[in-house]
Amino acid sequence: MSSAPIPRPLDGIRVLEFSQAIAAPTCGRYLSALGAEVIKMENLMAPDLIRAMGPSWLTAEVHPLIKFDVPPMGGEYVSGKLSCGLNISAPRGRELLDDLLRSSDVVIINYSASAIKNLALRGEDVLAINPSIIYCGLPGFGYDEGAPYFTYKAWGPNQAPISGIDHLTGYPGDDPSGLGSFSYPDFTGGMQAAFSILSAIFDRDVTGSGQIIDMSQMEVAVAALGPIMLDYTANGVNHGATGNRVPWAAPQGTYPTRGSERWIVVSCTEDAHWEALCSVAGSEALVIDDRFSTFASRRANADALDEALATWTAGFHSRDLVYRLQAAGCPAYLVSDQADLLVDPQLESRRAYSVADHARLGKDFTLQFPVHMSLADPRMPRGTPTFGQDNEYIFEKVLGVSHEERTALAESGVVFETIQPEIRFDNPQLRWVRHLWRDDWPASPAR
Amino acid sequence: MPTFDTTRIIDLTDASGVYGTKLLADHGAEAIRIEHPGGDPLRLHPPFVGGTPDPDRSLYWHYMNTSKKSVTLDVETADGRAILARLAGTAAVVAYSGSAERFRRLGLDRLSTEHPDLIVSAVTPFGLTGPFQDWAGNDAVAWGAGGLTFSTGWPDKPPLTPAPIAELSYILAGYLASIGTLAALRTRRRHGKGQVVDLSLQQAVLTASGEAGASAFIDDAELRTRMGSKRSFTGPMGHFRTSDGFASILALMPAHWDAMAAWIHERTGHEGALDESLRGAANARSGDLRDLANYFTEELAATYTKQELFEEGQRRGVSITPVNDPASATMDPQLAYREYWRQLEIAGERVKSPGPPARYSTLSWDARPAPERGAHTVEILEEIGLTATQLGGLAAAGVI
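Sequence order sets the numbering: in each chain, residues are counted from 1 along the sequence as written. The lettering of chains begins at A and the numbering of ligands begins at 1, in the order of writing. Side-chain atom pairs in this predicted model are given and counted only at pLDDT of 80 or more, local residue features only at pLDDT of at least 70, and totals for whole chains, interfaces and linings cover all residues. For the side-chain quantities, the full set of heavy atoms in the structure was used; hydrogens and water were omitted.

Peer 1: How would you sum up the overall build of chain A? Please name residues and give values.
Peer 2: Each helix corresponds to a stretch of at least 4 residues labelled H or I by DSSP, and each strand to a stretch of at least 2 residues labelled E; elements are numbered beginning at the N terminus. For chain A, the count of helices and strands is 19 helices and 12 strands. Over its C-alpha atoms, taken along the principal directions, chain A stretches across nearly 80 × 60 × 55 Å. Only protein chains enter the accessibility calculation, which uses a 1.4 Å probe; a residue whose area is less than 20% of its type maximum is buried, one above 50% is exposed, and one in between is partly exposed. Put simply, chain A has 447 residues, and 60% of those count as buried. Expressed as a percentage of contacts within chain A between residues at least 6 apart in sequence, the contacts between residues at least 24 apart total 71%. To measure how exposed things are, a 1.4 Å probe is used in the Shrake-Rupley method; for residues, cover is taken only from the protein chains shown. For chain A, the computed accessible surface area is about 15,500 Å², with 52% contributed by carbon and sulfur atoms. Of the charged side chains in chain A, 35 are positive and 54 negative, and the gap between their average positions amounts to 4 Å. Residue contacts are defined here by distance: any two heavy atoms, one from each residue, within 4.5 Å place the two residues in contact. Only four residue types enter the tally: Lys and Arg on the positive side, Asp and Glu on the negative side, with His and both chain ends excluded. Charged groups are reduced to one reference atom each: NZ for lysine, CZ for arginine, CG for aspartic acid, CD for glutamic acid.

This is the structure we're talking about:
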């Protein structure tokens, strides 16, 4: 039997990513983890917001553009990719882009609809250059020149409100809290893009056909709320916020434990879960209270139940109580804060986070692809590339541009090279994650 | 021609994975939902047509099982598992979600050994490996374990699960499991090999943690706590009350605030909004200046409906959206213009339903009505070689 490793699923696929945080970069990272060569197309005049949000530790003495190379969020959104610094609005820049489009398989773009139009990067523009390319455009509200929101700006945090998610997040009778701290529709948008691109690749393998994929992040988010929307369209039920409660669980909520801002989540969807909780609670008042004896009575007395539970949990250390509840069979966990995530035994065992190679930092913190695959081994050993780090490979090796021309293009502002690449830093963030820095990281399969 | 018309998927998912098989089925895969002969427990998942629980009228079930076939089979019996194994031999994918313990009990870990070209995907609360692999979990537990409950809610109340009635971690899980499955399908076609696709709900949430996750924390060592929709570093950012609800307003860039200030002045007469000290990028307005900018924004927002504020703000170059409830989301003019909504047949009624999550130049997407319970049992089981006599015996024994 041959022992040659099986190539990764997207081996040989080249992706050009034109992106602003967060949906398209999320898609690009997944494709990269699955083996594609993902090239982030970067314009120094309009850098990705993720790069523009530099680290807190960088001092004022260094060149201001160096912050673009060491973004704290790079390990979530940029790592695993190649970086190409190119001004595609310059005539020679556009020629080089068109050459690159001819040798690529996928384009993913989440610029605003009007920017897509102005840059002549619509689906039909790109397929006119390469008819067998797979093009995925995901502006916030879709690409539709006659549509009412064509010129509208869709920053990530605005998508959860318009799709209905924020309205469903809050305490009953209160102003909606919304998601606030993160942008859910950016992720479903990026995931749908990856799903659609993979489908189109699977199809193209047989048909050779290119594809235009037209997405609206809002439409993806509304589809994710399907049953809630149907309850309105079929029954006229207009759902609102429920706190932590759902009709199919009682109790379900977050409860305080010892210390400041230490919470656990408990959710009993079956009688067995409640019995497990009671077995941990022993002779506490909540076990013998008739108001809590059946699922229906726990639902009906949810306020009293939450109060009784909170009184009971407040006496415990959070991790201790979670271990006891899980040992008995009751669904529960820490309401993990960000420091908890870094030392979470399950996440550590699953290698959810790791450190990856970085040209300026040596090593950088990286969130890994969440799906474990026994054969594909989707891992990202490469960290955030510096701005233009892969120009030599892309321009000279892929496109056959001479070194002299590349140098001249850099001087005339068509190509953006990494600034002062000799400057390196000890990454101060790594003091938090020494325990993740292991030597047993397997080599990545050859591209 | 559908993309996956020759791809058979055996669907053994519960709520935590069912959206993934729906996506694959709506894109053309042949997804065969395995239902307990007494009825799929998800048929009792609310909401229902008319509101009263009825296994034939679950809006949830019908939405999540569009374009699928239905075979009744009790996989908790030895006969049922034997038939499942035969069925798996005709399939490209077995898609499972639920506990890791049940995954092993059904013998799904062995299926991939028996059929080397089979893809077995599993969505479990904490994954198929690791110290907590057998811990119990669900949507609420996943949001806590993935770190995003901690930063959701108001500071004076307990942390919140994001939109708990929508079980949004299950949507992330469905996507990620199907992304892994699609990648594995390509490997299978090119190299004839299947594999195990293993996703935890905890990591499905973690991957969406972004600016509220560990990467941001290790930069400045400041915990991201719950502050509702507002942020301490700037204003306006978050929800503001309108005459009919709320709108979400962001003034990230200097030009955003300048447009806001001119608008506030024009609409409310507040000269102070034009003050030089308020100008600049988002972080120029913190502390008292944030409170002042928020005050002016509240005065402005109260004079419009949420949709008016949205459209007028966007016209002026400010990033605003309405905080829609489900009712107002179904009336959104952009979705109407793009003819997003479809009619889905559920329990004999035509119900306005979300449309395609992506549109394609040549691939197809179609959400066909969900099947009646066991509608394809005979057809599929005869195809894999069971005789009418055998089927009768199995039915009598309650296996199908």
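Peer 1: Account for the sheet that holds strand 9 (residues 332-334) of chain A, naming residues and giving values.
Peer 2: Residue and element names in this part refer to chain A. In this description, strands pair whenever DSSP reports at least two bridges between them. Read from one edge to the other, the open sheet built from 3 strands follows the order 7-8-9, with strand pairing classed as antiparallel. Edge strands, defined here as strands with exactly one partner in the open sheet, are strand 7 (252-256) and strand 9. Between one strand axis and the next, the sheet turns by 20 degrees as a mean value, whatever way the strands run. Examined bridge by bridge, strand 7 and strand 8 (residues 263-267) share 5 bridges and lie antiparallel to one another. Paired with Tyr 255 across the bridge in strand 8 is Ile 264. The axes are straight lines fitted to the C-alpha atoms, using for helices just the contacting stretch, and the angles between their N-to-C directions are given from 0 to 180°. Most of the contacts of helix 14 (residues 302-313) go to strand 7, to which it runs at about 35 degrees, and overall it touches strand 7 and strand 8.

Peer 1: Run through the interface of chain A and chain B, naming residues and quoting values.
Peer 2: Contacts between chain A and chain B engage 143 residues on the former and 151 residues on the latter. Each partner contributes to the roughly 13,200 Å² buried at the junction of chain A and chain B, and carbon and sulfur atoms together form 64% of this total. The quantity reported as buried area is the accessible area (1.4 Å probe) lost by two parts once they are put together, taken as the sum for both. Among the residues of chain A in contact with chain B, Phe195(A), Phe202(A) and Gln338(A) are the three that bury the most area, contributing 6% of the side total. By convention in these notes, a salt bridge is any Lys or Arg side-chain nitrogen within 4 Å of a carboxyl oxygen on Asp or Glu. The interface formed by chain A and chain B holds 10 salt bridges in total. Here Arg359(B) ties to Glu219(A) by a salt bridge, and the two come within 3.2 Å at their closest N and O atoms. No other element matches helix 8 (residues 184-207) of chain A, which puts 16 residues into the side of chain A that touches chain B. The nonpolar class holds Ala, Val, Leu, Ile, Met, Phe, Trp, Tyr, Cys and Pro. Asp, Glu, Lys and Arg form the charged class, and all remaining residues, Gly among them, are polar. Across the side of chain A that touches chain B, the residue classes tally to 83 nonpolar, 43 polar and 17 charged. Inspection of the sheet shows strand 12 (residues 372-373) of chain A paired to strand 6 (residues 196-200) of chain B by 2 bridges, in the antiparallel sense. Within strand 6 of chain B, the residue paired with His372(A) across the bridge is Asp198(B).

Peer 1: I'd like a description of helix 10 (residues 226-235) of chain A, backed by residues and values.
Peer 2: Listed in full, the buried residues belonging to helix 10 of chain A are Gly226(A), Pro227(A), Ile228(A), Met229(A), Leu230(A) and Asp231(A). In this structure, the buried residues of helix 10 of chain A make contact with helix 7 (159-163) and helix 9 (217-224) of chain A together with helix 2 (59-64), helix 13 (326-330), strand 10 (342-346) and strand 11 (349-353) of chain B. At the exit of helix 10 of chain A stands Gly236(A), carrying a positive phi of roughly 75 degrees.

Peer 1: Give a detailed account of the packing of helix 10 (residues 254-268) of chain B against helix 11 (residues 288-301) of chain B, specifying residues and quantitative values.
Peer 2: All names here are of chain B. Packing of helix 10 against helix 11 brings their axes to within 10 Å, and their N-to-C directions diverge by 55 degrees. With respect to their mutual orientation, helix 10 and helix 11 come out oblique. In terms of crossing hand, the pair formed by helix 10 and helix 11 is left-handed. Contacts between helix 10 and helix 11 involve Trp 257, Met 260, Trp 263, Ile 264, Arg 267 and Thr 268 from the first element and Ala 293, Phe 296, Thr 297, Glu 299 and Leu 300 from the second. Partitioning the contact of helix 10 with helix 11 into residue classes produces 7 nonpolar, 2 polar and 2 charged. Each angle is binned into one of four classes, with values under 35 degrees roughly parallel, values over 145 roughly antiparallel, values of 65 to 115 roughly perpendicular, and all other values oblique. For any pair of crossing helices, the crossing counts as left-handed if the nearer helix is rotated counterclockwise from the farther one by less than a right angle, and right-handed if it is rotated clockwise.

Peer 1: Summarise the packing of aromatic side chains; cite the residues concerned and give the values.
Peer 2: When two rings of Phe, Tyr or Trp (its six-membered ring) have centres within 6.5 Å they constitute a pair, described as stacked for plane angles under 30 degrees, edge-to-face for angles over 60, and tilted for the intermediate range. Counted by the stated rule, this structure contains 28 aromatic pairs over all chains. With centroids separated by 5.4 Å and ring planes inclined at 90 degrees, the aromatic side chains of Tyr143(A) and Phe150(A) adopt a geometry described as edge-to-face. Grouping residues by exposure puts Tyr143(A) and Phe150(A) together as buried. Put simply, the rings of Tyr323(A), Tyr333(A), Phe126(B), Phe132(B) and Trp135(B) touch in pairs and so form one group of aromatic residues. The residue whose ring lies beneath Lys22(B) is Tyr63(B), and the NZ or CZ to ring-centre distance is 4.2 Å. Charge-over-ring placement is defined geometrically: NZ (Lys) or CZ (Arg) within 6 Å of the ring centre, and within 35 degrees of the ring normal.

Peer 1: A description of the sheet that holds strand 1 (residues 14-18) of chain A should follow, citing residues and the corresponding values.
Peer 2: Within the open sheet, the 7 strands sit side by side as 3(A)-2(A)-1(A)-4(A)-5(A)-6(A)-12(B). Their pairing is mixed. Looking at the sheet topology across the chains shown, the edges are occupied by strand 3 (82-85) of chain A together with strand 12 (359-360) of chain B.

Peer 1: Go over the side chain of Arg8(B) with me, naming the residues and quoting the values.
Peer 2: Residue and element names in this part refer to chain B. Turning to its location among the elements, Arg 8 is positioned in strand 1 (residues 8-12). We classify Arg 8 as buried; its relative accessible area is 7%. Think of a polar contact as two N or O atoms within 3.5 Å of one another; within protein, one of them needs to be a possible hydrogen donor and the other a possible acceptor, and neighboring residues in sequence only count if both atoms come from side chains. At 2.9 Å, the side chain of Arg 8 and the side chain of Thr 90 are in polar contact. Setting aside chain neighbours within four positions, we find Arg 8 in contact with Glu 30, Ile 32, Leu 87, Thr 90, Ala 91, Ala 92, Val 93, Ile 380 and Glu 383.

Peer 1: Let's hear about the confidence of the model for chain B: which residues, and what values?
Peer 2: The predictor reports its confidence for every residue as pLDDT, a score running from 0 up to 100. For chain B, the mean per-residue pLDDT works out to 95, and 99% of the residues sit at or above 70. Among the prediction metrics, the complex's ipTM stands at 0.97, with pTM recorded as 0.97.

Peer 1: Would you mind going over the nonpolar core in detail, with residue names and values included?
Peer 2: By nonpolar core is meant a set of buried Ala, Val, Leu, Ile, Met, Phe, Trp, Tyr and Cys residues that side-chain atoms within 4.5 Å join together. Counting residues in hydrophobic clusters, the biggest one holds 143 residues, and the most contacted among them are Leu31(A) and Ile197(A). When residues in this core are grouped by element, the largest group, 13 residues, is from helix 7 (residues 168-191) of chain B.

Peer 1: Quick rundown of the pairing of strand 8 (residues 245-250) of chain B? Include the residues and the values.
Peer 2: All names here are of chain B. With 6 of 6 residues buried, strand 8 is to be regarded as a mostly interior element. Where strand 7 (residues 237-242) meets strand 8, 6 bridges bridge the pair, whose relative direction is antiparallel. Within strand 8, the residue paired with Met 237 across the bridge is Leu 250. In this structure, the hairpin formed by strand 7 and strand 8 is closed by a connection of 2 residues. Direction of pairing for strand 8 relative to strand 9 (residues 319-322): antiparallel, over a ladder of 4 bridges. Its bridge partner lying in strand 9, Ile 249 is registered against Ile 320.

Peer 1: I'd like a rundown of the environment of Pro46(B), residues and numbers included.
Peer 2: Residues and elements named next belong to chain B. As for its position among the elements, Pro 46 is in the loop between strand 2 (30-35) and helix 2. By relative accessible area, Pro 46 is classed as partly exposed at 26%. Put simply, Pro 46 and Leu 59 are 13 residues apart on the chain and 7.0 Å apart in space, counted from C-alpha to C-alpha.

Peer 1: Would you mind going over the side chain of Gln368(A) in detail, with residue names and values included?
Peer 2: Along the polypeptide, Gln368(A) turns up in the loop between strand 11 (362-367) and strand 12. Within the structure, the side chain of Gln368(A) is placed 3.0 Å from the side chain of Ser354(A), a separation counted as a polar contact.

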